[in-house]
Amino acid sequence: MNTKGIDYAALIIGIIGAINWGLIGFFRFDLVAFLFGSMTLLSRIIYAVVGIAGLYMISLLGRIRSAGEAD
């Protein structure tokens, strides 16, 4: 099964989420809340999608490890 597109999408979403967490940590600035409102339905959906992408990347890590062991 070819999951390359999903892998890249999850990686991009994860990077965007990490940048948002960096902004929160360094500057106390939540970009998602700034753009979409604090805990509105849309911002909660965005947070959920980032979380799902992070969980998906756990499987990506497992596949990278198993591909490395095959070499």
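Residues numbered from 1 in each chain as written. Predicted model: local features only at pLDDT ≥ 70, side-chain atom pairs only at ≥ 80, totals over all residues. Heavy atoms only, no water.

Focus: the overall build of the protein
In step 1: A count of helices and strands for the protein gives 3 helices and 0 strands.
In step 2: Secondary structure elements of the protein occur, N-terminal to C-terminal, as α-α-α.
In step 3: With the principal axes as the frame, the protein shows a C-alpha extent of 45 × 25 × 15 Å.
In step 4: The 71 residues of the protein split such that 14% are buried.
In step 5: If you take every contact in the protein between residues at least 6 apart in sequence, the share linking residues at least 24 apart comes to 47%.
In step 6: On the protein, roughly 5600 Å² of surface is accessible, and the fraction owed to carbon and sulfur atoms is 73%.
In step 7: A gap of 9 Å separates the mean positions of the 5 positive and 4 negative side-chain charges of the protein. (Helix = DSSP H or I, 4+ residues; strand = E, 2+ residues; numbered from the N terminus. Buried < 20%, exposed > 50% of the residue type's maximum accessible area, 1.4 Å probe, protein only. Contact = heavy atoms within 4.5 Å. Areas by Shrake-Rupley, 256 points an atom, 1.4 Å probe, with all protein chains shown as cover. Lys, Arg positive; Asp, Glu negative; His and termini not counted. Charge placed at Lys NZ, Arg CZ, Asp CG, Glu CD.)

Focus: the pattern of salt bridges
In step 1: Counted under the stated rule, the structure contains 1 salt bridge.
In step 2: Across the salt bridge formed by Arg-63 and Asp-7, the nearest N and O atoms sit 2.9 Å from each other. With Arg-63 in helix H3 (residues 41-70) and Asp-7 in helix H1 (residues 4-27), the pair connects residues that are 56 residues apart, well separated along the chain. (Salt bridge = Lys/Arg side-chain N within 4 Å of Asp/Glu carboxyl O.)

Section: H1
In step 1: Between the first and last C-alpha of H1 there are 34 Å, a value that for 24 residues agrees with the 34 Å anticipated at 1.5 Å per step.
In step 2: Listing the buried residues of H1 in full gives Asp-7, Ala-10, Gly-14, Gly-17 and Asn-20.
In step 3: After H1 finishes, the residue Arg-28 shows a positive phi value of roughly 55 degrees. (Expected span 1.5 Å × (residues − 1).)

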